[in-house]
Amino acid sequence: MKRYGFGLVLIAAAIAGSPVRADTTLTVYTAFEAQDLQRYKETFERANPGIKLNWVRDSTGVVTAKLLAEKDNPRADVVWGLAASSLLLLKSEAMLEAYAPKKSERLEARFRDKSNPPSWVGLDAWAAALCVNTVELKKSGAPMPKSWADLTKPAYKGKVTMPNPASSGTGFLDVTAWLQMFGEEKGWAYMDALHQNIAAYSHSGSKPCKDAARGEAVIGISFDFRGAKEKSAGAPIEVVVPEEGIGWEAEAAGIIAGTDNLAAAKALLDFTVSDEAMAMYNVGYGIVAVPGIAKPVENFPDNVAARMIPNDFEWAAANRERILHEWSKRYDNKSEPKG
């Protein structure tokens, strides 16, 4: 049976005109949540016998820095599950192979590189949200915050945690959203005021919400789906979508230019925008790139899509280094130690 299956792989590849070698292993760099990796790997490998995935996972900032450091000697074949702004940065360094995956025309325009063929495709979106521990908030006597401006009030001093934007994609989307919504001068002034109420900056986008769910923080600046998940698990969490508008990011995928496994890499990109993959993302995200596929998620805030700002990914990518340098200079003294 094993030899028969091997033959089918070769026949299928020949029919498709694809030179995918049997038992090809793709090295895939990702910032997907760790608990999703095995499920994603099994789903892809079941649909693509003969191609194995070898994950290299870390937070968005670390993966982005690693890819840039390896520019002249790339180790990855594919990036699957990294912020679109990071993929745009790689594109600007000519590190991505342009490729239009099969059926990628179904993607919403904001989930696809503007070039044709695209250098990256979007998969799903996550957006900023506040995870507020209702028990701890009541003990403190502070009111429920409704806006970003509320978080700078004296009532919340020492009660707010948020991700470090240099290591977390969620932190980076917050900072770039404030700079876009308020303008650069007022955006930095806002962060100066917020910093006075910050207890700590974490190196994970989900940790502030997890800490709030455990009662270790009163308010965690995190993202929508994590808040919904913690609330559904029974945590005393209220998920607040600030009324001024919220930053968001797309998880995206792309092929590293010069890969020795281009045919297999294209097969993986085809899979990343398939219906099966979209349904898979919907387990962990309320918004996916192909309209009409996402099913309702328990406790997911109903005003997320309406409050997502018109995010300029290209501006965020082009200004990433300057923004992170300025942020670190001003606020890094409250960052948690790196694990």
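Chemist: Which parts of the structure should I look at to understand the overall build of the protein chain?
Modeler: When helices and strands are counted, the protein chain shows 14 helices and 11 strands. Rg of the C-alpha trace for the protein chain: 21 Å, near the compact-globule value of 20 Å for 339 residues, within the 12% margin. Within the protein chain, the proportion of its 339 residues that are buried is 56%. For the protein chain, the proportion of contacts with a sequence separation of at least 24, taken over those separated by at least 6, is 75%. Surface accessibility of the protein chain: about 14800 Å² in total, with carbon and sulfur atoms responsible for 53%. Across the protein chain, the 40 positively charged side chains and the 42 negatively charged ones have centroids separated by 3 Å.

Chemist: I keep staring at the packing of aromatic side chains and nothing clicks. Help me out?
Modeler: For any two aromatic rings, the description comes down to two numbers: the centre-to-centre distance and the angle of the planes. All chains considered together, the criterion is met by 18 aromatic pairs. Summarising the aromatic geometry, the rings of Phe32 and Tyr281 are spaced 6.5 Å apart at their centres and angled 35 degrees between planes, so their arrangement reads as tilted. Note that Phe32 is positioned in the loop between β1 (24-30) and α2 (37-47) and Tyr281 in helix α11 (residues 275-281), a separation of 249 residues in sequence. Through a chain of ring-to-ring contacts, the aromatic side chains of Phe32, Tyr40, Phe44, Trp55, Trp80, Phe271 and Tyr281 assemble into a single cluster. Across from the ring centre of Trp248, 5.3 Å away, lies the NZ or CZ of Arg110, which sits over that ring. The ring of Phe172 has Arg320 lying over it, and the distance from NZ or CZ to the ring centre is 4.7 Å.

Chemist: Mind showing me how you'd approach the confidence of the model for the protein chain here?
Modeler: Parts of the prediction with low pLDDT should not have their coordinates interpreted in detail. Looking at the protein chain, the pLDDT average stands at 91 and 93% of residues meet or exceed 70. This model gives residues 1-17 a pLDDT under 50, and the stretch forms 4 contacts once residues within four places in sequence are excluded.

Chemist: Help me understand the state of the cysteines in this model?
Modeler: Covalently bonding the sulfur atom of one cysteine to the sulfur atom of another cysteine gives a disulfide. A complete count under the given rule lists 1 disulfide for this structure. Between the sulfur of Cys131 and that of Cys209 lies a disulfide, 2.0 Å long from S to S. Negative torsions about the S-S bond denote left-handed disulfides, and the value of about -85 degrees found for Cys131 with Cys209 makes this one left-handed. Of this pair, Cys131 sits in strand β5 (residues 121-133) while Cys209 sits in helix α8 (residues 207-213); the two residues are 78 residues apart in sequence, bridging distant segments of the chain. One exposure class covers both Cys131 and Cys209, and it is buried.

Chemist: Is there a simple way to think about helix α9 (residues 224-232) in this case?
Modeler: In an α-helix, one turn spans 3.6 residues; hence positions three or four apart end up facing the same way. Within the span of α9, buried status applies to Asp224, Phe225, Arg226, Gly227, Ala228 and Glu230. Contacts made by the buried residues of α9 are with β5, α8, β8 (219-223), β9 (237-240) and α12 (304-307). Phi for Gly234, located one or two positions after α9, is positive at around 105 degrees.

Chemist: Honestly, the nonpolar core in this entry has me stumped. Any pointers?
Modeler: What tends to happen in soluble globular proteins is that the nonpolar side chains get buried as a cluster. Formed by 99 residues in total, the largest nonpolar core has its most connected members in Leu67, Trp80 and Tyr281. The dominant element in this core, judged by the number of residues it contributes, is β5, at 8 residues. Counting 8 residues, the second-largest nonpolar core is a separate cluster that includes Ala129, Cys131, Ala235 and Val239.

Chemist: Before we go on, may I ask you to explain the pattern of salt bridges in this structure?
Modeler: Applying the stated criterion across every chain yields a total of 20 salt bridges. Residues Glu33 and Arg226 are paired through a salt bridge, measuring 3.7 Å at the closest nitrogen-oxygen approach. Residue Glu33 is located in the loop between β1 and α2, and its partner Arg226 is located in helix α9; the two are separated by 193 residues in the primary sequence. The same class applies to Glu33 and to Arg226, which are both buried. Notably, a salt bridge pairs Arg226 with Glu230, separated by 3.2 Å at the nearest N-O pair. Taken together, the residues span about one helical turn, with Arg226 and Glu230 both in helix α9 at a distance of 4 residues. Neither Arg226 nor Glu230 differs from the other in exposure class; each is buried. Connected via shared salt-bridge partners are Lys207, Asp211, Arg214, Glu216 and Glu336.

Rules used throughout
- Residues numbered from 1 in each chain as written.
- Predicted model: local features only at pLDDT ≥ 70, side-chain atom pairs only at ≥ 80, totals over all residues.
- Heavy atoms only, no water.
- Helix = DSSP H or I, 4+ residues; strand = E, 2+ residues; numbered from the N terminus.
- Rg over C-alpha atoms; globule rule 2.2 N^0.38 Å.
- Buried < 20%, exposed > 50% of the residue type's maximum accessible area, 1.4 Å probe, protein only.
- Contact = heavy atoms within 4.5 Å.
- Areas by Shrake-Rupley, 256 points an atom, 1.4 Å probe, with all protein chains shown as cover.
- Lys, Arg positive; Asp, Glu negative; His and termini not counted.
- Charge placed at Lys NZ, Arg CZ, Asp CG, Glu CD.
- Phe/Tyr/Trp six-rings, centres within 6.5 Å; stacked < 30°, edge-to-face > 60°.
- Lys NZ or Arg CZ within 6 Å of the ring centre and 35° of its normal.
- pLDDT = per-residue confidence, 0-100.
- Disulfide = S-S within 2.5 Å.
- Core = buried A, V, L, I, M, F, W, Y, C linked by side-chain atoms within 4.5 Å.
- Salt bridge = Lys/Arg side-chain N within 4 Å of Asp/Glu carboxyl O.

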